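# Examining the three-dimensional arrangement
Residue-level listing of the chains:
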Amino acid sequence: MKIFSGEQIYEADRFTIEKQGITSDALMERAAMQIFNWLHLRMQGAPVKIHLFCGIGNNGGDGIALARHLQEHGYHIAVYVVNYSQARSKDFLINLERLKDRKIWPEFLDSDKHFPEIGREDIVVDAIFGIGLNRPPAPWVVNLMQHLHRSEAFILSVDVPSGLYTNKGIENPDAVVKANFVLSFQAPKLVFFLPETGVYSNQWEILDIGLDQEYLMQTENEYDLIGKNEVLPLYKPREKFAHKGSYGHSLIIGGSRGKIGAVHLAARGCLRVGSGLVTTYVPKCGLTPLQSNLPEAMVINDSDEYYISKIEFDITPKAIAIGVGLGKEKTTIRAFTNFLKANDLPLVVDADALNILSENKTLLKLLPKESVLTPHPKELERLIGTWKDDFEKLKKAKAFSKKYDCVLVIKGAHTITIYEGRGYINSTGNPGMATAGSGDVLTGIITGLIAQGYPSLNAAVFGVYLHGRAGDIAIEETGYQALIASAIADTVGKAYIDLFKMPEVTQQEEPQDETAK
Ligand SMILES: NC(=O)C1=CN([C@@H]2O[C@H](COP(=O)(O)OP(=O)(O)OC[C@H]3O[C@@H](n4cnc5c(N)ncnc54)[C@H](O)[C@@H]3O)[C@@H](O)[C@H]2O)[C@@H](O)CC1
Ligand SMILES: Nc1ncnc2c1ncn2[C@@H]1O[C@H](COP(=O)(O)OP(=O)(O)O)[C@@H](O)[C@H]1O
Ligand SMILES: [K+]
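Conventions we followed
Residues numbered from 1 in each chain as written. Chains lettered and ligands numbered in written order. Predicted model: local features only at pLDDT ≥ 70, side-chain atom pairs only at ≥ 80, totals over all residues. Helix = DSSP H or I, 4+ residues; strand = E, 2+ residues; numbered from the N terminus. Expected span 1.5 Å × (residues − 1). Buried ≥ 20, exposed ≤ 12 C-beta atoms within 10 Å, placed from the backbone. Near = placed C-beta within 6 Å. Nonpolar A, V, L, I, M, F, W, Y, C, P; charged D, E, K, R; others polar. UniProt positions renumbered as here; feature names shortened; annotations may be inferred. Contact = placed C-beta atoms within 7 Å. Pairing = 2+ DSSP bridges. Axes fitted to C-alpha atoms, helices over the stretch in contact; angles between N-to-C directions. Parallel < 35°, antiparallel > 145°, perpendicular 65-115°, else oblique. Left-handed = near helix turned anticlockwise from the far one by under 90°. Domains from an automatic or database assignment.

## Points about unusual backbone geometry
Phi angles above zero are rare outside glycine, and glutamate 152 is one such case at about 60 degrees. Mapped onto the elements of the fold, glutamate 152 is located in the loop between helix 5 (139-151) and strand 6 (154-158).

Written out as structure tokens, the structure reads:
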């Protein structure tokens, strides 16, 4: 699914109005109607008080129009205009008049003197600021936001949580509404997926307000949200007359004393994702545990007992992973450097191999084209330096990926894969995956996909999706806390099967004939 910038949404707005020959307030009416339908379906006329806090722009206009529909359907509402500016939008004013025509008089708030009382069981509609926020809200508006939070009422934000910018980070964490739910128009917003801003949109849903499809399809976007529909076209089916040689040989180089498990987990993910053959390259101490616990994987031993000291092998793998459990012994750094100088096979670089690269940046130039790097946030910081907010992080990550022609997989709750100036935001995964070794499994999965012939960008995007989906399916049995990395690897099969499952059709309940009893 495409993610658009704020400017692109405004442009889509203009384009739609012109092409469909409608007025801008008709578009606002659609938006308000969609929110109303969403709420009405869930509330079914429940006698819960709904407080609507409306700004003076179009986001506020949506709120004011929603208030009218709620009132028409008998809901118990209170409407407030958060009067932070005299520059009111045209459609806000149109809807304010429509409200007054129905004898609804909003309360105008312009300082922190008379904030209304809000009960815990009430609902708050936050239509204060939308995507038009362009400067910090006034202090009394920040106080109002805090007042909303203190009420502990359920907060439903219209389009975006008020106080979030669409193109930069947060200046004051108190100046953003923490929404329980966000109903966003037409397309998800980038801020929902970034760690600093995503926490303000606990859950979200997209409402289709009928913006012009031609515009949406033709407009080049920088970020995509990756779900099942996006990965299905990447999937390569298994051929009937294939043999294990058809699906590639993966080599996983890593491990050190006490960290052989990382190699095991990567190899396990690699096998489960379908790599025809998997060989591990580990120090001598890794031989017995690997051969006993993962008989499907082969082992090549380094000459050193505890650390990788020389990387030499006489196989020709299709893809190589390096770094899991590797450590940073001097001898290992030397071996890694020499390996990079000699190697031109596709690479997936993780963990300590990334740290060695960060400490010896000249080595980055030795990476083969389209290598996949899979840093978690700390490893990323060591690679690209610090950032002032997530937007700057993405900018720096794109520049880095361009400079070294590498696919950068920024791991997190919503892992973002960066390549050629574009970002692919993953939609699967859960907090249970914040567990030791789950990144090692991902490294193995991506490597196994490259070995099977997936181009490295596709392997990264698809691998991240499958890894997260495996985690989502696995927690159905383990719950968040008990999920361990090997279970993620072992559930990759179910994640594949799930790709081809149709969405369940919800059954309509048969109307009961009360007289038949
Ligand atoms: N295509 C769409 O997505 C549609 C968008 N609509 C709504 O329109 C919203 C955008 O509306 P607007 O562009 O009017 O902007 P907002 O309603 O987000 O903001 C109101 C205005 O206040 C001013 N402002 C910004 N920051 C301020 C601050 N800190 N203090 C005081 N004033 C400030 C700006 O001039 C801004 O235009 C969307 O978020 C959405 O809710 C809908 O009405 C219909 C269609
Ligand atoms: N809250 C979360 N939601 C979804 N996925 C998560 C979450 N936390 C971590 N993950 C995923 O788990 C993996 C953790 O990787 P990493 O930090 O390298 O762990 P390790 O080094 O223990 O293997 C990443 O793929 C990341 O995206
Ligand atoms: K809002």
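## Some remarks on helix 9 (residues 260-272)
With 13 residues, helix 9 should reach 18 Å at 1.5 Å per residue; the first-to-last C-alpha distance of 19 Å fits that figure. With respect to burial, helix 9 is a largely interior element, 13 of its 13 residues being buried. One or two positions beyond helix 9, positive phi appears at glycine 274, with a value near 115 degrees.

## Structural notes on the site of ligand 2
Within the structure, ligand 2 sits among 17 residues, and His376, Ala413, Gly429, Ala434 and Gly439 are positioned closest to it. No other element matches helix 15 (residues 438-451), which puts 4 residues into the shell around ligand 2. Looking at the shell around ligand 2 residue by residue, the classes come out as 6 nonpolar, 9 polar and 2 charged.

## Here we look at the UniProt feature "binding site: AMP" (unreviewed entry) in the protein
Mapped onto this numbering, the UniProt entry gives "binding site: AMP" (unreviewed entry) at Lys411, Gly412, Ala413, His414, Thr415 and Gly439. The greatest C-alpha distance among the residues just named is 13.5 Å, despite their covering 29 residues of sequence, which places them together in space. Relative to the assigned elements, lysine 411 resides in the loop between strand 16 (406-410) and strand 17 (416-419). Among all residues touching lysine 411, those that are not within four sequence positions of it are Thr374, Pro375, His376 and Gly439. Setting aside residues no more than four positions away along its own chain, alanine 413 makes contact with Pro195, Gly198 and Gly429.

## Describing the sheet that holds strand 9 (residues 223-226)
With mixed pairing, the 11 strands of this open sheet are ordered in space as 1-9-18-17-16-15-14-13-10-11-12. The sheet is open, and its two borders are formed by strand 1 (2-3) and strand 12 (298-301), each paired with just one other strand.

## A few points about the site of ligand 1
Neighbouring residues of ligand 1: 30 residues in total, closest Gly57, Asn58, Asn59, Gly130 and Gly132. Only helix 1 (6-20), helix 2 (24-43) and helix 3 (58-72) provide two or more residues apiece to the shell around ligand 1. Tallying contributions element by element places helix 3 first for the shell around ligand 1, with 5 residues. A breakdown of the residues in the shell around ligand 1 according to their chemical character gives 14 nonpolar, 12 polar and 4 charged.

## So, the packing of helix 9 against helix 15
Running from amino to carboxyl end, helix 9 crosses helix 15 at an angle of 40 degrees, the nearest separation of the two axes being 7 Å. If you check the angle between helix 9 and helix 15, you find them oblique. As for the relative orientation of helix 9 and helix 15, their crossing is right-handed in sense. Of the residues in helix 15, those in contact with Ala262, Leu265, Ala266, Ala267, Arg268, Gly269 and Cys270 of helix 9 are Asp440, Val441, Leu442, Thr443, Gly444, Ile445, Thr447 and Gly448. Its residues placed into classes, the contact of helix 9 with helix 15 shows 8 nonpolar, 5 polar and 2 charged.

## What about the domain arrangement of the protein?
The domain boundaries assigned to the protein delineate domain 1 (2-219) and domain 2 (231-499). The distance between the C-alpha centroids of domain 1 and domain 2 comes to 42 Å. Every contact between the two is made by 9 residues of domain 1 and, on the other side, 8 residues of domain 2. Considering only residue class, the side of domain 1 that touches domain 2 consists of 3 nonpolar, 4 polar and 2 charged.

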